[in-house]
Amino acid sequence: MSRLIMTRRGLLKAGAASGVALAAPMSFVRGAYAEDFCNMPTGSTVTLGFNVPQSGAYADEGADELRAYQLAVKHLNGEGDGGMLGTFSSKALKGNGILGKKVAYVTGDTQTKSDAARASAKRMIEKDGAIMITGGSSSGVAVAVQGLCQETGVIFMAGLTHSNDTTGKDKKRYGFRHFFNAYQSGLALGPILGEQFGADRRAYHLTADYTWGWTQEESIKNATEGLGWETVNAVRTPLGAGDFSQYLTPVLNSGADVLILNHYGKDMVNSLTQAVQFGMRAKQVNGKNFEIVVPLFSRLMAQGAGENIKGILGTTNWNWSLEDDASKAFVKSFGQEYGFPPSQAAHTCYVQTLLYADACERAGTFSPPQVIAALEGFEFDGMGNGKTLYRAEDHQCMKDVLVVRGNENPTSQFDLLDVVKIVPRDQVTYDPAIFGGDLGPADAKSC
Amino acid sequence: MKQLLSKEPFALLLFSAVILTMPIWLAPLGANYPDLLQKFAIYAIFAMGFNILFGLTGYLSFGHAAFLGVGSYAAVWSFKLFTMNVLPAVLFGTAFAGGVALLIGFVCLRRSGIYFSILTLAFAQMFYNLAYSVMTPITNGETGLQLTLQDPRIIDRALAPAGQGLPSTELFGLSMSGYSGFYFCATMLIICFFISRRIFKSPFGLTLLGIKSNQTRMNYTGFNTRPYTLTAFVISGMFAGLAGSLLAVTDPLAGAERMQWTASGEVVLMTILGGVGTLIGPMLGAWIIKYFENIFSSFNDDALQQVYSFLPEGLRNMAVDLSSLFVGEGWHLTLGVLFMLIVIFLPGGLMEGWRRIVRRFRGGGGGEGESAPAATAQPAE
């Protein structure tokens, strides 16, 4: 009985203590957050948050993204040769930071996990005062961080994310994507597959089992079935499986003559290598050569797959061997800084940083609603992808898509992709309404 | 002082004061921002709950992250289906995790020692895989379960029409992000501390300690230990579920990676680092690990250059190169080194270090009563 009384008294006292302690920090917290919008830069610097995978399956991409971000910060602050600032069609950026404020940055490790990525982004927003978050090398992470940024009112410039959902059903007013998506891969790759392999083919899909894999499988299926191909089967494989032989064996007996690998990163390197080891590429099925297609390609993956990538078709956002002035300027300054050419992940991250800075300059403020308005419907050129439009309806960039093939005779360890065709923007433009989703409100929030 | 500390109201008051003033005394460490403070409180609950099982009964579970995940999913579903109020979410999360713990515990507790650990690990991995792919309609797979504008939210809809954009979690109108979210978690932590302290000092807790020291002997004295271990397992699962639901309260998203075996391993590390079987040791361990994960991992070369700016150029670069191994993406390394040092030199964790310091200041021998075993020996006499 006496125990019960003790409890109640203890709780009462604890309650009183909580009240006092609650009141104390709140008073100064309120002062710190009295501003027009979240993390309004007040000093002489403006802080950007670079949230990339530094460990896990996409760590290679993450490291390259970080290099590109650091280069972009240098160029924005007027150091180095300026890179694509010289070729960018908008001349608002003067190399004196953003709106006269020097650009500083903070970095974080997403670990390719939604939880860790959000924690890291929150740290940047709450502790370091980042005005913009960018990065992510997985669609799951990008969707998660984009949702967080919408809640806190901080602009998110997506890095490498290829799922339709990022600017489709999960699109957000505060999220922007320069990278192309799986649907556009399908639109670009479809006709080329028809040209190369004919209209009478039987396809077998192996798909990474998460948002990006699903949307890519669907998009490629639609494109190939439009050509008259038949889809024999579509099998989901767990992410990071390592050994794909149990998934590859049934392919040979299924009567399929094209294998489509909806894998990325190390998964793609493993599944492709094993498929080649199974002798698939030397096979004849239905009187035709057996073919393998990897819809999303990157040079870093090609490097991992080595010999096996030769002759394989796929799409990519950008490749360093492009001959336009912007690409050459970027490759040159990246090469001078780090000694090797940039990957497509590096390119899209660099461009996103510049686009954000430019939008702030044109809007004349860091206030997110105005910056968003400056980015929506923005038409630009000189960033390595030809004429590009930041579409207002879904915040997806509309630009050319490259169809590439693994180089048969590489001249260097970086010369791994041959550009088969640059598919013009008109052909990969689609109706933003097909994926649904809602951008949500743009009003500024104080955090 | 010692007498005072063992008095319940005083201990509780002191604990509350320390927890609630965290935003102030963590400021010099650069950890006084809401997200990390919330994590401190939440993972302290998680580790405290784990300690009720591991510290008292000696059963080492390698699958506690499963309960954390179940709690999160249940809480997010409560936000999606019913209301954005956090109380139902917390209740659902805790209750669901308790139910799952009952099922898993019923099966796993038939074995002890390494077999028990392996069984729990297997169950946790099964839950992870279920959440990751098989149960995608419920868990949304790798992308994670998120709120959408189309969610029914029956209770909220009945009270008010839907606003623009996604709603945020709230406690009767008070938004649960930022500092208010921390104070909510901190209140939960204080309640959990109270419960955990009560369990440690209760006859039930002593029974559990008896099971830890020699289960066979307990059985021979005619004591059926199974219900006691199962109860401890369920309580500890409910603590984990509460922690999981609080994760969803402060950030309404649940991902499968929360259930991965690394997450289960993390809580074991936290407990061992802080001190197994002590009341506040696991909490300290949780704080250290979360601090490393969030602060050390964010140091980049630029930040290091500033830290060493007082050194001359050449020396500075050397210092930066050397220390960059241990910060940024190398934070795991620092944590590993720290963990090794503690396990080798302080097998009882940080709490043992604390006791040693106290003993040293008392001039040897005097501080013996400070340790947990002495306190628990009393009723046995």
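Predicted model, so just to flag it, every value in this text is computed and none were measured. Numbering of residues begins from 1 in every chain and follows the order in which that chain's sequence is written. By the order in which they are written, chains take letters starting at A while ligands take numbers starting at 1. Confidence filtering applies because this is a predicted model: local features only for residues at pLDDT of at least 70, side-chain atom pairs given and counted only at 80 or more, and all residues used for totals across whole chains, interfaces and linings. Hydrogens are left out, water is left out, and the side-chain values use all remaining heavy atoms of the structure.

### A look at the overall build of chain B
Helix and strand assignments come from DSSP, with helices taken as H or I runs of at least 4 residues and strands as E runs of at least 2, each series counted from the N terminus. Counting its secondary structure elements, chain B contains 20 helices and 4 strands. Radius of gyration here is computed from C-alpha atoms only, and the compact-globule reference equals 2.2 Å multiplied by the residue count raised to the power 0.38. For 381 residues, the compact-globule estimate of 2.2 N^0.38 gives 21 Å, and the C-alpha radius of gyration of chain B, at 22 Å, lies within 12% of that figure. For chain B, the spread of C-alpha atoms along the three principal axes comes to 70 × 65 × 40 Å. Taking all 381 residues of chain B together, 54% fall into the buried category. Summarising the internal contacts of chain B: among those between residues at least 6 apart in sequence, 75% fall at separations of at least 24. Residues scored as charged are limited to Lys and Arg (positive) and Asp and Glu (negative), so that His and the chain ends carry no count. Think of each charge as sitting on NZ of Lys, CZ of Arg, CG of Asp or CD of Glu. If you average the places of the 22 positive and of the 19 negative side-chain charges in chain B, the two averages end up 15 Å apart. Buried, partly exposed and exposed residues are distinguished by accessible area as a fraction of the type maximum, computed with a 1.4 Å probe on protein chains only: under 20%, between the cut-offs, and over 50%, respectively. Two residues qualify as a contact provided that any one of their heavy atoms is within 4.5 Å of a heavy atom in the partner residue.

### A closer look at unusual backbone geometry
Residues and elements named next belong to chain A. In this structure, Leu-99 takes a positive phi of about 50° despite not being glycine. With respect to the element layout, Leu-99 can be found in the loop between α2 (59-76) and β2 (102-109). A positive phi is found at His-395, a non-glycine position, where the angle reads about 60°. By the element assignment, His-395 lies in the loop between β14 (388-390) and β15 (397-398).

### A word on the nonpolar core
Generally speaking, a soluble globular protein has its nonpolar side chains buried in company with each other. All names here are of chain A. In terms of nonpolar packing, the biggest core is built from 106 residues, with Ile-155, Met-157, Leu-259, Leu-355, Tyr-356 and Tyr-390 touching the most fellow members. Broken down by element, the residue count for this core peaks at 11 residues, all from helix α11 (residues 344-363). Here the limits of each domain have been adopted from an automatic or database domain assignment. For this core, the two domains that each supply at least three residues are domain 1 (45-180 + 320-399) and domain 2 (183-316). The nonpolar core is taken to be a set of buried Ala, Val, Leu, Ile, Met, Phe, Trp, Tyr and Cys residues, with the residues joined through side-chain atoms within 4.5 Å.

### Concerning the environment of Gly58(B)
Residues and elements named next belong to chain B. With respect to the secondary-structure elements, Gly-58 resides in the loop between α4 (34-57) and α5 (65-81). Classification of Gly-58 by relative accessible area gives partly exposed; the value is 35%. C-alpha separation for the pair Gly-58 and Ile-211, spaced 153 residues apart in sequence, amounts to 7.9 Å. Not counting chain neighbours up to four residues away, the residues in contact with Gly-58 comprise Leu-53 and Lys-212.

### Notes on the pattern of salt bridges
All names here are of chain A. Counted as salt bridges are all cases of a side-chain nitrogen of Lys or Arg within 4 Å of a carboxyl oxygen of Asp or Glu. As enumerated under the stated definition, the model contains 33 salt bridges over all chains in all. Across the salt bridge formed by Glu-361 and Lys-94, the nearest N and O atoms sit 3.4 Å from each other. Here Glu-361, found in helix α11, pairs with Lys-94, found in the loop between α2 and β2; they are 267 residues apart in sequence, far enough to count as distant. Across the pair Arg-123 and Asp-128 runs a salt bridge, and its minimum N-O distance is 2.8 Å. A residue is classified by how much of its surface remains accessible, and Arg-123, at 2% relative accessible area, is buried. The network of salt bridges with common partners includes Asp-200, Arg-201, Asp-257 and Lys-288.

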